[in-house]
Amino acid sequence: LFGGMGNPSASISLQRKEPTPDLQASFQTSIGSWDQRRAVGDVGGPMTDELSGRVVLALDSRAYYYGTANDRNGMLYGVMKYQFNPSTSLSFGGSYERDNAVNNFSGLPWYDNGVTPQLSRSLSLTLPWAKDQNSFVESFAKLEHDFSQNWKLQMNATDLREAMPTSNNISYDGPISSSTNLLPGGFSS
C-alpha cells in the first residue's frame, strides 16, 4: 500500500482483521511513561457453520511530559463473514474511532539569536480548551470467489467518513526578540 525508494525504504501491507476459524478471545493491557494506559480486547470465531465474526475494542489514554497536553481515544471494530460454499464468501463490517486530544504543535520559543530562554521542559503554551475531537467511521464489504488454484476474484467496497473539526489551538509565529524579550504580535490559530 505504501512504498519508499532509497536507503532505507519500506513497504507496508495493511490487512483488516478477519474472523478466526476457532473461537478465540484475548485481552491485553499496557502501562507506559507519562501516564499511558492501553487496553485491547479481541473476540472472534464461528457463530454457525456458515457465519463467523470478530469484534475488537481498543482504548488508549496518555499524558505528555509537558503540561496541559493529553490524548484519549477509542476504537471499535467488527467484521462478519458468510461462507456461501467452499469457494465463495462475503465479508462485511466496520469501525468507529474517536480521538480527543489537547496537543502542543508549536513547542517552545527560542530567541532570534539562537539562545534558549531557559524555559522549563514541562512548560506548554497550549491552552486546556484547545481540543481536537476527531472521529472516523468506516464500513466495508468484500466478496471473494476462488475459481482454481491460480485464479481468484475479489471485489471490495469501502466507505470512510471523517469528522475533524477545526482546532482551537493558538500558537506563536516566530522567535522571541532578543532586544525586547517579546514574542512577535502575529499569532496563528
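Residues numbered from 1 in each chain as written. Predicted model: local features only at pLDDT ≥ 70, side-chain atom pairs only at ≥ 80, totals over all residues. Heavy atoms only, no water.

Peer 1: Please clarify how the overall build of the protein chain should be interpreted in this entry.
Peer 2: Across its full length, the protein chain holds 0 helices and 11 strands. In the protein chain, the succession of helices and strands from N to C terminus is β-β-β-β-β-β-β-β-β-β-β. A fraction of 51% describes how many contacts in the protein chain between residues 6 or more apart in sequence connect residues 24 or more apart. Taken as a whole, the protein chain presents about 13000 Å² of accessible surface, with 55% of it coming from carbon and sulfur. (Helix = DSSP H or I, 4+ residues; strand = E, 2+ residues; numbered from the N terminus. Contact = heavy atoms within 4.5 Å. Areas by Shrake-Rupley, 256 points an atom, 1.4 Å probe, with all protein chains shown as cover.)

Peer 1: What am I meant to see in the pattern of salt bridges here?
Peer 2: Charged atoms that come close allow side chains of opposite charge to pair. Following the criterion strictly, the structure yields 9 salt bridges and no others. One salt bridge in this structure joins Glu18 and Lys142, with 3.0 Å as the shortest N-O distance. Pair noted here: Glu18 is in the loop between strand 2 (11-12) and strand 3 (24-32) and Lys142 is in strand 8 (residues 131-146), with a separation of 124 residues, a long-range link. Of the residues examined, Glu18 reaches a relative accessible area of 28% and is grouped as partly exposed. Residue classification places Lys142 among the buried residues on the basis of a relative accessible area of 17%. When salt bridges that share partners are traced, they join Lys17, Asp42 and Arg54 into one network. (Salt bridge = Lys/Arg side-chain N within 4 Å of Asp/Glu carboxyl O. Buried < 20%, exposed > 50% of the residue type's maximum accessible area, 1.4 Å probe, protein only.)

Peer 1: In this structure, what is going on with the side chain of Thr88? I would like to understand it.
Peer 2: Among the secondary structure elements, Thr88 is positioned in strand 7 (residues 88-102). With sequence-adjacent residues up to four places away left out, Thr88 is seen in contact with Tyr82, Gln83, Leu143, Glu144 and His145.

Peer 1: I would appreciate a short explanation of the side chain of Arg54 in the present structure.
Peer 2: Relative to the assigned elements, Arg54 resides in strand 5 (residues 51-63). In terms of polar contacts, Arg54 uses its side chain to reach the side chain of Asp42, at 2.7 Å. Among all residues touching Arg54, those that are not within four sequence positions of it are Lys17, Glu18, Pro19, Thr20, Asp42, Val43, Gly44, Tyr77, Gly78 and Val79. (Polar contact = N/O pair within 3.5 Å; in protein donor to acceptor, adjacent residues only side chain to side chain.)

Peer 1: When you look at the pairing of strand 4 (residues 36-46) in this model, what are you seeing that I'm missing?
Peer 2: In regular strands, side chains alternate between the two faces of the sheet. Pairing geometry for strand 3 and strand 4, over 9 bridges, is antiparallel. Each bridged residue has a counterpart across the sheet, and for Ser26 the counterpart in strand 4 is Asp42. Two successive antiparallel strands, strand 3 and strand 4, enclose a turn made up of 3 residues, where Trp34 displays a positive phi of approximately 55°. Where strand 4 folds back onto strand 5 in an antiparallel hairpin, the turn is made up of 4 residues. (Pairing = 2+ DSSP bridges.)

Peer 1: Explain the sheet that holds strand 4 here, please?
Peer 2: Reading across from one edge, 3-4-5-6-7-8-9 is the order of the 7 strands in this open sheet, with antiparallel pairing throughout. Because the sheet does not close on itself, it has two edges, and the strands there are strand 3 and strand 9 (152-163). Along the sheet, successive strands turn relative to each other by an average axial angle of 5°, direction set aside. Two strands pair when backbone bridges link them, and strand 8 and strand 9 are joined in this way by 12 bridges, in the antiparallel orientation. Bridged to Ala141 within strand 9 is Ala157. (Axes fitted to C-alpha atoms, helices over the stretch in contact; angles between N-to-C directions.)

Peer 1: Looking at this structure, I do not really get the environment of Thr68. What am I missing?
Peer 2: Turning to its location among the elements, Thr68 is positioned in the loop between strand 5 and strand 6 (70-85). Placed 60 residues apart in sequence, Thr68 and Pro128 show a C-alpha to C-alpha distance of 5.7 Å. Not counting the four nearest positions on each side in its chain, Thr68 is found in contact with Val102, Ser124, Thr126, Leu127 and Pro128.

Peer 1: Sorry if this is basic, but what is going on with unusual backbone geometry here?
Peer 2: For residues other than glycine, phi is negative in most cases, and the peptide bonds are mostly trans. Backbone geometry places Trp34, a non-glycine residue, at a positive phi of 55°. Residue Gln118 is not a glycine yet carries a positive backbone phi of 60°. Structurally, Gln118 can be placed in the loop between strand 7 and strand 8. According to the relative accessible area criterion, Gln118 is exposed, its value standing at 66%.

In short, the description is geometric, and any link to function would need to be established separately.
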